[in-house]
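A structural walkthrough
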Amino acid sequence: MKLVFATNNLNKLKEVQEMLPESIELLSLKDIGCFEDIEETATTLEGNAQIKANHITNKYKYNCFADDTGLEVMALNGEPGVYSARYAGEPANAEKNMQKLLQNLNSNTKRDAHFKTSICLNLDGKQYLFNGICKGGILTEKKGEKGFGYDPIFQPEGYEKSFAEMSSEEKNKISHRGLAIKKLIDFLKTY
Ligand code: IMP
C-alpha cells in the first residue's frame, strides 16, 4: 500500500519508513507532486493535522497522514501551542521564539509544560487521530546544543537534562512525536 506522509522532511520520512512493515510504502509531498503551501488555519493541533491530511486525500486521492506539533505552557494558558513555529513572528526563528517564551514566563515559578503531537490519518475513507504528549518544564535558561526549536529550554519530566542535551535516539524514545508515531505504527501493523 502507498501511504503519503504530508511532509517534505526526508529525515522524518526515513525514520517512520524504517519502522513500518515493508508492505507500506511511504511517499513524501514531493513524491506526489504536491508543491503548494497548505495553510494551517486551525486553532488546534488536531485541526491543522486534519487540514493537511484532508488536502492530500481530497486533491490527490491518496491515503495520507499528517502531523502537527506544539509546545503548551500551562502558566501561559497553553501558549505558544498551535503557534509554536512562529511565536515571535515571521519568518520563524527558534532563538527569538525561545527568548519570547522565557520573557513571558519571566520569574514565574510555575513552569509546567508539555509538547504535543497530533497525527491525523486518512485511510480507506476513514479518519483516525493519534496524540503523543511529553510532559516537562521550561528551564530558566538555555541548556545544550542538540535538537531544534524549543529543545534547549525544555526539560522532560524525570530527567535532569534538556531535550537539547539528549541524543536523537534518547529523545525519540520519550518524545511527543515518537509516542504519536508509535501509536500510528502499532495501528498500521494490525490493519
Ligand atoms: P511541526 O508541527 O513539527 O512543524 O512543529 C511546529 C513547531 O513546534 C516547530 O517549528 C518547533 O518550534 C516546535 N517543535 C516541534 N517539535 C519540537 C521538538 O521536538 N523540540 C522542540 N521544538 C519542537
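Further up the page is the structure itself.
Residues numbered from 1 in each chain as written. Predicted model: local features only at pLDDT ≥ 70, side-chain atom pairs only at ≥ 80, totals over all residues. Heavy atoms only, no water.

1. A look at the site of the ligand
- Contacts to the ligand come from 13 residues, most closely from Thr69, Asp151, Lys171, His176 and Arg177.
- At 3.1 Å from an oxygen atom of the ligand is found a side-chain nitrogen or oxygen belonging to aspartate 68.
- Interatomic distance of 3.1 Å between a backbone N/O atom of tyrosine 150 and a nitrogen atom of the ligand.
- Starting from 480 Å² of accessible surface for the ligand in isolation, the protein chains cover 83%. (Near = heavy atom within 4 Å. Polar contact = N/O pair within 3.5 Å; in protein donor to acceptor, adjacent residues only side chain to side chain. Areas by Shrake-Rupley, 256 points an atom, 1.4 Å probe, with all protein chains shown as cover.)

2. Looking at the pairing of strand S6 (residues 126-138)
- Sheet analysis places strand S5 (residues 112-123) next to S6, joined by 12 bridges and oriented antiparallel. Paired with histidine 114 across the two strands is lysine 135, which belongs to S6.
- The turn linking S5 back onto S6 is made up of 2 residues, and aspartate 124 within it adopts a positive phi angle of 45°.
- Pairing geometry for S6 and strand S7 (residues 154-156), over 3 bridges, is antiparallel. Bridge pairing links isoleucine 138 to phenylalanine 154 in S7. (Pairing = 2+ DSSP bridges. Helix = DSSP H or I, 4+ residues; strand = E, 2+ residues; numbered from the N terminus.)

3. A closer look at helix H5 (residues 176-190)
- Helix length check: H5, at 15 residues, gives a terminal C-alpha distance of 22 Å against a target of 21 Å (1.5 Å per residue), a fit within 8%.
- All of the buried residues along H5 are His176, Arg177, Ala180, Ile181, Leu184, Ile185 and Leu188. The arc that holds every buried residue of H5, seen down its axis, measures 155°, which confines them to one face. Turned more than 90 degrees away from the buried face of H5 sit Lys189 and Thr190, all of them exposed.
- Check the buried side of H5 and you find it contacts strand S1 (2-5), helix H1 (10-19), strand S3 (64-73), S5, S6 and helix H4 (168-174). (Expected span 1.5 Å × (residues − 1). Buried < 20%, exposed > 50% of the residue type's maximum accessible area, 1.4 Å probe, protein only. Arc of directions from axis to C-beta. Contact = heavy atoms within 4.5 Å.)

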